[in-house]
Amino acid sequence: MTSYRLSSGGLIDRTASLNFKFDGKSFTGHPGDTLASALIANGVHLMGRSFKYHRPRGVITAGAAEPNALVELREGGRKEANTRATMIELYEGLTAQSQNRWPSLDFDIGAINSLASSMFVAGFYYKTFMWPKSFWEKIYEPIIRKAAGLGTASKEADPDKYEKAYAHCDLLVIGSGPTGLMAALTAGRSGARVILADESARLGGSLLNEREEIDGDSGIAWADGVIAELGSMPNVTLMPRTTVFGWYDGNIFGAAERVNDHVIAPSPYEPRQRYWRIIAKKAVLAAGAEERPVAFGGNDIPGVMLASAMRTYANRYAAAAGKSVVVFTNNDSGYRTARDMKAHGVHVEAIVDSRSESKADAGGVPVLRGRRIADVGGKKLAAGIELDDHTHIGCDAVAMSGGWSPIVNLACHRGGRPAWNDQILGFVPPDTGKDFIVAGAAAGRMLLSECLADGARAGTLKGKAPATPKCRDEAFAIAPLWWVKESHGKAFIDYQNDSTAKDLPLAAREGYRDIELAKRYTTTGMATDQGKLGNVNAIAILAEATGKSMEQVGTTTFRPYYTPVSFGAFAGPFHGHHFQPVRKTPLHDWADELGAVFVETGLWMRSSWFPLEGEDWLAAASREVVATRERVGICDVSTLGKIDVQGKDAGAFLDKLYCNTFSTLAVGRARYGLMLREDGIVYDDGTTSRLADDHYVMTTTTANAAKVMAQMEFAHQALFPELDVTYVTVTEQWAQMAVAGPKARATLQKIVDGLEMNDQSVPYMAALEVTVLNGVPARLFRLSFSGEHAYELAVPADYGNMVARAVMQAGDEFGIVPYGVEALSIMRIEKGHVAGGELNGTTTAADLGLGKMMSSKKDYIGRMMAQRPGLTDPNRQCVVGIRPVDPQDRIRSGSHILKDGDRPSMAADQGYVCSVAWSPMLNMWIGLALIANGRARHGEVVQVWDGLRGHKVMGEICDPVHFDKENKRLHA
Amino acid sequence: MLIPCPHCGTRPVEEFTFLGDASVKRPASNDPSSMEQWYDYVYLRNNPKGRFDEFVHHSGGCRAWLVISRDTETHEVFGCVTVRDYGKTKGGKA
Ligand SMILES: [Zn+2]
């Protein structure tokens, strides 16, 4: 293999060698190389296959816009598909695989697509879909599937860490070329807090790629001096390897820092990437400009690349793109490539200039004026060119320049549209306001001196801009040339998506004349490079085809992200175990000791059942129910929301929040409360207790705890600010356990201090402050969700496990069992108590059978709207019980209710089953349902139809209270 | 977007929860004749292009309900006051 490494020059460290593998073959390069430059230096020009036609492809660019040289980098869990070889810093041990080829890059069967290329013309997806279905399924889809897809993702977990971080600054400078450096230096010297970010590993931007002269020295030397000075300033932060990918509201910029993409594996203490949010008082976009290709036949054959890329490989990486070069340009900048390559000792055959006149310095290279390249020969490497006048010229590399596009992406992220500039033939940025300045080449300034002056102005936060160093300018002139129509071969516009120049007029002829439609129809600009190279050419060709100006056609919308950002960076540390916090109740350890099975509900881990050897969940829950109803059980209810409400107007405030009244509640008593939304629908429920005249403790459902708190804050601060009340969430401060069953009182009596528990001292709905276990402060409530004689005992969180163990010990002689939320749920369904399934955001108090709770004597949230005719219609669906006619049948939650004999239809629908349970007390499945006018239909036999599971049984509508209708057990 | 909380200073929008139009006012009357006002209060919200006052809860911060005045098109923030102070200025100026 021939070496294409130049014998001298470049910003590579020739004293060190780096070993790397590409498609299994071993190569070496040097520190300072990219994967692309190292491959070029090793004579590897074929780096990938195109998406649709599987054409052989080499690099086109030396930077972020690269559409062709996409590789799968690294292996195993660290594999990353579609990485640009031009942006990958070479490191020892790097491995990369080419994409889109089978069985090998060199011999690719998919290239047959190229022969069937009429199939892949613009809009082929749409057209193909119209063909007979069998044709599509058997022939086209398999071919497209085989051809489609870029790299493949790893199926292993990414072992590396990612971070998120914030930064604040007076001035953010995006890009470290001449403009950015001058801006950062000016602001840095004034003492401002400056962040200078650049996507490259080495700062300096275009100064690293070009042979410039600043301040009597080389551009690189000037850049290094400025960077050293910036590095010494404590108020300046340099962020290399950082792509600023988006501009957002509030002058916030998103950035991805590739902290450790340039090593084989990050140290265990460092992330691979960091996702930044940079909040900038002011920012400068100094992103430079992107060179454009020209559309001519074979403009994608390896060896054909942008003129600026070719000289970058030579100047910065000491890698020659070929042995014999032809330059094709429509502007002066192409001449630099001819001069630079010649200076590096590479033969330059000719400059083909589409213009008939030019003053640019060709450096002794022959110039063919007014001529254009029609076609490039060769397949896997350029082999000569044919001009539009049929002249042949031998060469193995072609440098092309179709002009420059200012990199305006970020400037357009907040909706601004760029404007066409006829002088430079490029879109220039819109007005971005005073806090975001676009400067230098990104603003369409094509001369180095303009860039330096622009940077100095942009970096001046107050006062007058400083003088800028003297430099040598390269004149810039350009004449339009988008497409050489004499070409025979395919002339590519969007390399990655294989859309060609001919596709655009075709799209226009077929009616897709708008740029946004043409984009989608031809897929131009829709690949991972988002049309960085091709879009302006596409706009120009579409403009010609539709007889419009560039301005009239306009651009497609620029959106973040400027370049692809890895999912790892977005996820940051929030994955796996850290995806969301885990809330454990204060009784978690106690429940765990007893073998609880925990189920995630929201963020909470709730003890759901306590299986004995060989029991499944239903067996365990059923046993727990029976034991509780026959003896005594204890259940962790700490997840219920608890809100402490205090103040002179605490009662008045609760009267506003609940539809029933709390200001009249006696001290030492609890009351069930129902909260409505302002539209009259039930919002939440729970018991609230009065501990003192000016002190209440509310409970909310587990699910609504946080929402109710926010609602209270709104009600107080926005609606009733005159009320003298404060409230704070104490959910996590209290451990709370339900102790239920005929032996509940006897059990608790053993641990409560100095209180003879009876129906007088602790009546139903009592709420008392007591102590337990010789002095542990506690709250004792006589409440029942199970329907049994029951209590809830609350103790400060840290005492929870100890007190729960003590209750177990006290209840031991009675045969106490721990029960979980499954048993709790069975018991509440047996008792017809409503919960989440019924409080589902569609039901009113009356629907739930709680209509009498609504006070008519006071104003409260939801009062007025609850009176609307639609919410008081007697035919509304209301809560009833449902049970199978044949006790062997099972009814399922979600089933719809149909009248006997009706066929399933929306019109015939009578309601649905909200909650079901296996009742160990009744030995059958029971449920609660919402059924139209249900209270008047007790005893009616209906169909319980489960269309989802294809299941239908006959059921009977009944009273929601399935068990102990007289509530005898409650007071037993 | 950044929101200048009068208690906490300038904080990122992720800390806040929006509730929309702050011009609505809960009717004082429970008389059936006020029903039209109640419908408006519960269901009618402005959603203009341009300057707009909105309820916002500093749910990830000081827990205060605030009124932010911002441009819905450019997202420029003009001011932010507590809902109590907003109420005091009558007609509202955040
Ligand atoms: Zn705040």
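Since we're looking at a predicted model, the values are computed, not measured.

**Q** Hey, could you run me through the overall build of chain B in this one?
**A** Across its full length, chain B holds two helices and six strands. Beginning at the N terminus, the succession of helices and strands in chain B can be written as β-β-β-α-β-β-β-α. Overall size of chain B, expressed as C-alpha extent along the three principal axes, is 45 × 30 × 25 Å. Per-residue burial for chain B yields a buried fraction of 43% across its 94 residues.

**Q** Quick question: what am I supposed to make of the domain arrangement of chain A here?
**A** Interface extent is often summarised as the accessible area lost during association of the parts. Split by domain assignment, chain A resolves into domain 1 (1–154), domain 2 (160–290 + 403–478), domain 3 (313–401), domain 4 (583–639 + 733–821), domain 5 (641–730) and domain 6 (872–972). Once you take the C-alpha centre of each, domain 2 of chain A and domain 4 of chain A turn out to be 64 Å apart.

**Q** Please explain the coordination of the zinc ion as it appears in this structure.
**A** Any two of four tetrahedral donors ideally make an angle of 109.5 degrees at the metal, while pairs among six octahedral donors ideally make 90 or 180 degrees. All names here are of chain B. Looking at the zinc ion, the protein donor atoms are C5 (SG), C8 (SG), H58 (ND1) and C62 (SG), and they sit 2.0 to 2.3 Å from it. Sequence positions of the donors to the zinc ion reduce to the motif C-x2-C-x49-H-x3-C. Separated by 57 residues along the polypeptide, C5 in strand β1 (residues 2–5) and C62 in the loop between β4 (51–57) and β5 (65–71) bring together distant segments of the chain.

**Q** What am I meant to see in the packing of aromatic side chains here?
**A** To describe a pair of aromatic rings, one takes the distance between the centres and the angle between the planes. Residue and element names in this part refer to chain A. Under the defined criterion, the tally for this structure stands at 22 aromatic pairs over all chains. Taking the centre distance of 5.4 Å and the plane angle of 70 degrees together, the rings of F296 and F328 count as edge-to-face. Here F328 lies in strand β18 (residues 324–329) and F296 lies in the loop between β16 (289–291) and β17 (304–306), a separation of 32 residues in the sequence. Judged by its relative accessible area of 0%, F296 falls in the buried class.

**Q** Is there a simple way to explain the nonpolar core in this structure?
**A** For soluble globular proteins, the rule of thumb is that nonpolar side chains tend to be buried together. All names here are of chain A. By size, the foremost hydrophobic cluster in this structure holds 75 residues, and its most contacted members are L35, L94, F296, Y313, I373 and I385. Here this core gets six residues from one element, more than from any other, and that element is helix α1 (residues 35–41). When neighbours within four sequence positions are excluded, I385 is seen to be in contact with V326, I373, D375, V376, T391, H392, I393, C395 and V398.

**Q** Help me understand the pairing of strand β41 (residues 767–772) of chain A in this model?
**A** It is a general feature of regular strands that their side chains alternate between the two faces of the sheet. Residue and element names in this part refer to chain A. Bridge count between β41 and strand β42 (residues 776–781): six bridges; the pairing is antiparallel. Bridged to L768 within β42 is L780. Between the end of β41 and the start of β42, which pair antiparallel, lie three residues, with L773 showing a positive phi angle near 50 degrees.

**Q** Help me understand the pairing of β42(A), please; the structure alone is not making it clear to me.
**A** Residue and element names in this part refer to chain A. Counting buried residues along β42, five of its six residues qualify, which places the element largely inside the surrounding structure. Pairing of β42 with strand β43 (residues 790–796), which is carried by three bridges, proceeds in the antiparallel orientation. Its bridge partner lying in β43, L780 is registered against L793.

**Q** Hey, could you run me through the interface of chain A and chain B in this one?
**A** In this assembly, 28 residues from chain A lie in contact with 25 residues from chain B. Broken down residue by residue, the surface that chain A buries against chain B is led by A:F714, A:Q717 and A:M864, which jointly contribute 29%. On the surface where chain A and chain B come into contact, there are four salt bridges. Counting residues per element, the ones that place at least two in the side of chain A that touches chain B are β15 (273–285) and α18 (705–719) of chain A.

**Q** Mind showing me how you'd approach the sheet that holds strand β36 (residues 670–676) of chain A here?
**A** Two modes of strand pairing occur in sheets, parallel and antiparallel, and in both the strands are linked by backbone hydrogen bonds. Residue and element names in this part refer to chain A. The antiparallel open sheet is built from five strands, whose spatial order is β36-β37-β38-β35-β39. Every interior strand has two partners, whereas the edge strands, β36 and β39 (726–729), have only one. Looking at each pair of strands side by side, their axes are set apart by 25 degrees on average, direction ignored. Sheet topology places strand β35 (residues 641–646) next to strand β38 (residues 695–700); six bridges connect them, and they run antiparallel. Residue Q646 lies in a different strand from β38, and its bridge partner there is H695.

**Q** Hey, could you run me through the pattern of salt bridges in this one?
**A** Proximity of charged atoms lets side chains of opposite charge pair with each other. Residues and elements named next belong to chain A. Applying the stated criterion across every chain, the model contains 59 salt bridges over all chains. Between R202 and D224 there is a salt bridge whose closest N-O contact spans 3.2 Å. Of the two residues, R202 is situated in the loop between β9 (194–197) and β10 (213–214) and D224 in helix α6 (residues 219–231); the sequence distance between them amounts to 22 residues. We classify D224 as partly exposed; its relative accessible area is 33%. In this structure, R949 and D946 form a salt bridge, with 2.6 Å as the shortest nitrogen-oxygen distance. A residue is classified by how much of its surface remains accessible, and R949, at 45% relative accessible area, is partly exposed. Judged by relative accessible area, which is 3%, D946 ranks as buried. A single network of salt bridges, built from pairs that share partners, joins E210, E212, E213, R311, R336, R339, R472 and E474.

**Q** Quick question: what am I supposed to make of the packing of helix α5 (residues 178–189) of chain A against α6(A) here?
**A** The description of two helices packed together rests on the angle between their axes and the distance between the axes. All names here are of chain A. For the pair α5 and α6, the least separation of the axes is 10 Å and the interaxial angle reads 35 degrees. Classified by chirality, the crossing of α6 by α5 is left-handed. Counting all contacts with α5, which are made through P178, L181, M182, A184, L185 and R189, the residues of α6 involved are W222, A223, V226, I227, E229 and L230. Here the contact of α5 with α6 is composed, by residue class, of 10 nonpolar, no polar and two charged.

**Q** I would appreciate a short explanation of the sheet that holds strand β34 (residues 633–636) of chain A in the present structure.
**A** All names here are of chain A. Strand order in the open sheet formed by six strands is β41-β42-β43-β40-β34-β44, with mixed pairing between adjacent strands. In this open sheet, the two strands that pair with only one neighbour each are β41 and β44 (817–818). Of the strand pairs in this sheet, β34 and β44 are connected by two bridges, and their pairing is parallel. Each bridged residue has a counterpart across the sheet, and for I634 the counterpart in β44 is P818. On top of the sheet, helix α20 (residues 800–811) reaches β34, β40 (734–740), β41, β42, β43 and β44; it is set at about 15 degrees to β40, its chief contact.

**Q** Sorry, what's going on with unusual backbone geometry here?
**A** Only a minority of non-glycine residues have a phi that is not negative, and only a minority of peptide bonds are not trans. Residue and element names in this part refer to chain A. Cis geometry marks the peptide bond from P560 to Y561, where omega comes out at 10 degrees. Tracing the backbone shows Y561 in the loop between α13 (550–553) and α14 (567–571). Phi at R74 takes a positive value of approximately 65 degrees, unusual for a residue other than glycine. You can see R74 is positioned in the loop between β5 (70–73) and β6 (80–84). In this structure, D215 takes a positive phi of about 55 degrees despite not being glycine. Checked against the element boundaries, D215 lands in the loop between β10 and β11 (217–218). Take D215: its relative accessible area is 54%, and that puts it in the exposed class.

**Q** Sorry, what's going on with α18(A) here?
**A** Quick reminder: α-helices carry 3.6 residues per turn. Residues three or four places apart thus point the same way. Residues and elements named next belong to chain A. With 15 residues, α18 ought to run about 21 Å at 1.5 Å a step, and its terminal C-alpha atoms sit 20 Å apart, in line with that. Counting buried positions over the 15 residues of α18 gives 11, a clear majority of the element. Every buried residue of α18 is listed here: A705, V708, M709, A710, M712, E713, F714, A715, H716, Q717 and L719.

Cut-offs and rules
Residues numbered from 1 in each chain as written. Chains lettered and ligands numbered in written order. Predicted model: local features only at pLDDT ≥ 70, side-chain atom pairs only at ≥ 80, totals over all residues. Heavy atoms only, no water. Helix = DSSP H or I, 4+ residues; strand = E, 2+ residues; numbered from the N terminus. Buried < 20%, exposed > 50% of the residue type's maximum accessible area, 1.4 Å probe, protein only. Domains from an automatic or database assignment. Donors = N, O, S within 2.8 Å, 3.2 Å for Na, K, Ca; no water. Phe/Tyr/Trp six-rings, centres within 6.5 Å; stacked < 30°, edge-to-face > 60°. Core = buried A, V, L, I, M, F, W, Y, C linked by side-chain atoms within 4.5 Å. Contact = heavy atoms within 4.5 Å. Pairing = 2+ DSSP bridges. Buried area = accessible area lost by both parts, 1.4 Å probe. Salt bridge = Lys/Arg side-chain N within 4 Å of Asp/Glu carboxyl O. Axes fitted to C-alpha atoms, helices over the stretch in contact; angles between N-to-C directions. Left-handed = near helix turned anticlockwise from the far one by under 90°. Nonpolar A, V, L, I, M, F, W, Y, C, P; charged D, E, K, R; others polar. Expected span 1.5 Å × (residues − 1).

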